[in-house]
Amino acid sequence: MSSLSALTIHELIDLLDRGVCSSEDVVTEVLSAIDARDERVGAYLDYDAEGALAAARSADDARSKGAERILPGIPIGIKDVLNVKGDTCRCGSRILEGYVSPYDATAVARLRQAGALFLGRLNMDEFAMGSTNENSAFQITHNPWNLEHVPGGSSGGSAAAVAAGEAVAALGTDTGGSIRQPASFCGCVGLKPTYGRVSRFGATAFASSLDQIGPITRCVRDAALLLGIMAGRDPLDSTTVEVPVPNYQEALADDLKGMKLGIPREYFVEGIDKEVEQSIRKAIRLCGDLGAEIVEISLPHTEYAVAVYYILATAEASANLARFDGVRYGARDEGHDPMDLYVKTRARYFGPEVKRRIILGTYVLSSGYYDAYYRRGQKVRTLIRRDFEQAFQECDAILAPVAPTTAYRLGEKIEDPLQMYLGDIFTIPASLAGMCGLSVPCGFSDAGLPIGLQIIGDAFREDRVLRVGYAYEQSTEWHKRIPPIRDDEGGR
Amino acid sequence: MMAQESSKNTRHIDVAYVAQLARMQLSDKEVPLFQDQLNHILHHVDTLMRLDVDDVEPTSHPFPGENVYRDDEPREGLAHEAAMKNAPKTRAGFYVVPKILE
């Protein structure tokens, strides 16, 4: 039998149900994969092996006494921005050094209730600001497919852990592409739910009108399962919406008959890598073969999305990160008065990208610039949202690349923030419009780096994007490939 | 307000001043570096000035909702000690900060 750490949640549930293995076996094998590979990958900031094994034994014990849980002792990795009671939560930042969560995020609490256990904290760009994980204050995470390349970001640790067999599944957060892009770069499935679908309570806020929590998994069915558990109204997050949560797994089907899929012409422009474009075009043809009707659509304001995003997201971040002042939590530099304390603490413990974005956000909100930048950004956001509303009159879901390229080389973009930001051009529009988006593996470059297909759905139509992703996935083999770093586990 | 919206030359950010507004002290190295990078970014952001948005409503939130209410019933919150446990300095259940008044 292949390593338990290489299996999907569904495969593990089946083995656990049949008594072929225990949760302790699963956790043990995941821990040994971490032991064997994480020194090279760098996905985990820290993990609690003893705690995870104890939780697994108690899950096994409960199962032997007849307890029925949806995720019976399934270990899930957690991005360092999400609160898990009793665990550290540093958001990849030195300013939260020593912070221990006093409560569970709602998404975490719902998975816990379903039987999941949490074995560690996954690396990320500081406060989720970045596309490569190079902005983590603590360590570099390497792409398991090629250690010279980035895993993407900001949920890079989550995607790298799943790809490297160091987590069965993981949670990430997506503000402008931070689940979909690392999933694409690491050859995983990543789902950004509709804004309002999953509670943000307990996710340390970056940009509150954009942030969403979502799963990074090895297959579409696992993403459907985790979303179904986490989704729905939460009294602790007033932006969650009272829309019924369908059974996402029942929405999965092997064909795409009766579905209309839109191809936005603005997503196939100069600057997109030829290999990426070829893979996406091939995936589109396959969706046609599976019974979907393919139609060309237009999202005319796409070119403005990055500019809008870097106004609105930084503005919201500058307000959200004001709470890190050296008084209530985390690190502190002493000062001769409170102002001196704030200024010194924030200067010393925030990293460069966070400082840049706080300054930009403060600037666009400042007197004299508010209307020129912030308000104008909000207005163009309306235009971008209308693009999608119009598009979903004409199709059921949109097919597009996740990113214009495969994973960057380490260090390739770090000196030029604007170039880094422009790499998020295909994920940011759906975020601004509040739509849902799924990344599914759809090929590899000649250099062996994964390519992701993005399926964008209308608000609260995760069932449709999952159906498209599943039908596509089931008729391809991309998701079954494993990176060279996992050669030690034998084939699946 | 309209004068601001039509202004074409808004991109010149005084990084040291804005950092002070944001309660951060930048180093001598950071000021010119950020100045340069942020002007570059603002130059890109200025592409938005091309659009006529006079009659467009702003979007602050993907799903503009009405007020959200809950039943006005008391519930357990985080215990005082649990909420303060992460503070760098406390005394007798209070946060400690440097003296404000002489």
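In this text the structure is predicted, and so the values were computed from the model without any measurement.

Mind showing me how you'd approach the nonpolar core here?
In globular proteins that are soluble, nonpolar side chains generally tend to be buried together. Ranked by size, the top nonpolar core spans 186 residues in total, and within it A:Leu71, A:Ile76, A:Leu111, A:Phe127, A:Ile359, A:Phe388 and A:Leu466 carry the most contacts. Here this core gets eleven residues from one element, more than from any other, and that element is helix 9 (residues 305–320) of chain A. Leave out the neighbours within four places in its chain, and A:Ile359 touches B:Ile13, B:Val15, B:Val18, B:Ala19, B:Met24, B:Leu26, B:Phe34 and B:Leu38.

When you look at the pattern of salt bridges in this model, what are you seeing that I'm missing?
Pairs may arise between side chains of opposite charge once their charged atoms sit close together. Using the criterion set out here, one finds 30 salt bridges over all chains in the structure. Its salt-bridge partner being A:Arg63, residue A:Asp60 comes within 2.4 Å of it at the nearest N-O pair. With a gap of three residues between them, A:Asp60 and A:Arg63 both fall in helix 3 (residues 49–64), about one helical turn apart. Here A:Glu334 makes a salt bridge to B:Lys89, at a shortest N to O gap of 3.5 Å.

Honestly, helix 15 (residues 462–474) of chain A in this entry has me stumped. Any pointers?
Counting along an α-helix, one turn takes 3.6 residues, and residues three or four places apart therefore face a common direction. Residues and elements named next belong to chain A. Helix length check: helix 15, at 13 residues, gives a terminal C-alpha distance of 18 Å against a target of 18 Å (1.5 Å per residue), a fit within 8%. Helix 15 sits mainly inside the fold: eleven of its 13 residues count as buried. Turning to helix 15, its buried residues are Glu 462, Asp 463, Val 465, Leu 466, Arg 467, Val 468, Gly 469, Tyr 470, Ala 471, Tyr 472 and Glu 473.

Looking at this model, I keep getting lost on the interface of chain A and chain B. Mind explaining?
It is common to report an interface's size as the accessible area lost on association of the parts. Contacts between the two partners involve 72 residues from chain A, matched on the other side by 56 residues from chain B. Across the chain A/chain B interface, buried area totals approximately 5,800 Å², and carbon plus sulfur atoms make up 67% of it. It is A:Ile359, A:Arg376 and A:Lys379 in chain A that bury the most area against chain B; as a group they hold 13% of the surface buried on that side. Counting the contacts that link chain A with chain B gives three salt bridges. B:Arg50 is paired through a salt bridge with A:Glu303; the nearest N and O atoms lie 3.5 Å apart. Where chain A packs against chain B, one counts 18 residue pairs in polar contact (both at pLDDT 80 or more). When residues in the side of chain A that touches chain B are grouped by element, the largest group, 14 residues, is from helix 12 (residues 370–394) of chain A. Here the residues of the side of chain A that touches chain B sort into 37 nonpolar, 17 polar and 18 charged.

Is there a simple way to explain the packing of aromatic side chains in this structure?
Remark: the centre distance and the inter-plane angle together describe each pair of aromatic rings, the angle taken between the planes. Residue and element names in this part refer to chain A. Summed over the entire model, instances satisfying the criterion amount to 18 aromatic pairs over all chains. Here a set of aromatic residues connected by ring pairs shows up, and it is made of Tyr 99, Phe 127, Phe 324, Tyr 329 and Phe 350. Above the face of the Phe 268 ring, Arg 281 is positioned so that its terminal group lies 4.2 Å from the ring centre. Geometry around Tyr 408 places Lys 413 over its ring, the cationic atom sitting 4.6 Å from the centre.

When you look at the packing of helix 4 (residues 106–113) of chain A against helix 7 (residues 220–230) of chain A in this model, what are you seeing that I'm missing?
How two helices sit against one another is set out by the angle between their axes and by the gap between those axes. Residue and element names in this part refer to chain A. Packing of helix 4 against helix 7 brings their axes to within 8 Å, and their N-to-C directions diverge by 110°. Taken together, the axes of helix 4 and helix 7 lie roughly perpendicular to each other. Residue-level contacts link Ala 107, Arg 110 and Leu 111 of helix 4 to Leu 226, Ile 229 and Met 230 of helix 7. Its residues assigned to classes, the contact of helix 4 with helix 7 shows five nonpolar, no polar and one charged.

Is there a simple way to explain the environment of A:Ala224 in this structure?
Its location among the elements puts A:Ala224 in helix 7. In sequence terms A:Ala224 and A:Arg467 are 243 residues apart; their C-alpha atoms lie 9.4 Å from each other.

What exactly am I supposed to notice about a nonpolar patch on the surface here?
A surface patch of nonpolar side chains, amounting to about 320 Å² of accessible area, comprises B:Val97, B:Ile100 and B:Leu101. Here B:Ile100 lies in the segment after strand 2 (94–95).

Looking at this structure, I do not really get the pairing of strand 11 (residues 450–457) of chain A. What am I missing?
Residue and element names in this part refer to chain A. By the criterion of burial, strand 11 is predominantly enclosed, with eight of the eight residues buried. Residues Pro 450, Gly 452, Gln 454 and Ile 456 point to one face of strand 11 and Ile 451, Leu 453, Ile 455 and Gly 457 to the other, with burial holding for every one of them. Where strand 9 (residues 397–401) lies against strand 11, five bridges are found, and the strand directions are antiparallel. In the strand pairing of strand 11, Ala 397 is matched with Gly 457. Two elements, strand 10 (residues 436–444) and strand 11, share eight bridges in a ladder whose sense is antiparallel. Following the sheet pairing, Gly 437 is matched in strand 11 by Ile 456. Following strand 10, the chain reverses through five residues before pairing antiparallel with strand 11; Gly 448 in that reversal takes a positive phi of roughly 90°.

What exactly am I supposed to notice about the confidence of the model for chain B here?
Detail in the predicted coordinates should be disregarded across regions flagged by low pLDDT. Here chain B shows a mean pLDDT of 86. Residues at 70 or above account for 88%. Ranking the helices and strands of chain B by mean pLDDT puts helix 2 (residues 15–21) of chain B first, with 96, and helix 1 (residues 2–6) of chain B last, with 37.

Is there a simple way to explain the side chain of A:Asp80 in this structure?
Residues and elements named next belong to chain A. Among the structural elements, Asp 80 can be located in the loop between strand 2 (75–79) and helix 4. With relative accessibility at 0%, the residue Asp 80 sits in the buried group. Looking at Asp 80, its side chain comes within polar contact range of the main-chain nitrogen of Arg 90, at 3.2 Å. Filtering out sequence-adjacent residues up to four positions away, Asp 80 remains in contact with Leu 45, Thr 88, Cys 89, Arg 90, Cys 91, Gly 92, Arg 121, Leu 122 and Met 124.

Definitions and cut-offs
- Residues numbered from 1 in each chain as written.
- Chains lettered and ligands numbered in written order.
- Predicted model: local features only at pLDDT ≥ 70, side-chain atom pairs only at ≥ 80, totals over all residues.
- Heavy atoms only, no water.
- Core = buried A, V, L, I, M, F, W, Y, C linked by side-chain atoms within 4.5 Å.
- Buried < 20%, exposed > 50% of the residue type's maximum accessible area, 1.4 Å probe, protein only.
- Helix = DSSP H or I, 4+ residues; strand = E, 2+ residues; numbered from the N terminus.
- Contact = heavy atoms within 4.5 Å.
- Salt bridge = Lys/Arg side-chain N within 4 Å of Asp/Glu carboxyl O.
- Expected span 1.5 Å × (residues − 1).
- Buried area = accessible area lost by both parts, 1.4 Å probe.
- Polar contact = N/O pair within 3.5 Å; in protein donor to acceptor, adjacent residues only side chain to side chain.
- Nonpolar A, V, L, I, M, F, W, Y, C, P; charged D, E, K, R; others polar.
- Phe/Tyr/Trp six-rings, centres within 6.5 Å; stacked < 30°, edge-to-face > 60°.
- Lys NZ or Arg CZ within 6 Å of the ring centre and 35° of its normal.
- Axes fitted to C-alpha atoms, helices over the stretch in contact; angles between N-to-C directions.
- Parallel < 35°, antiparallel > 145°, perpendicular 65-115°, else oblique.
- Patch = residues over 30% accessible without salt bridge, like charges linked within 9 Å, V, L, I, M, F, W, Y side chains within 5 Å.
- Areas by Shrake-Rupley, 256 points an atom, 1.4 Å probe, with all protein chains shown as cover.
- Pairing = 2+ DSSP bridges.
- pLDDT = per-residue confidence, 0-100.

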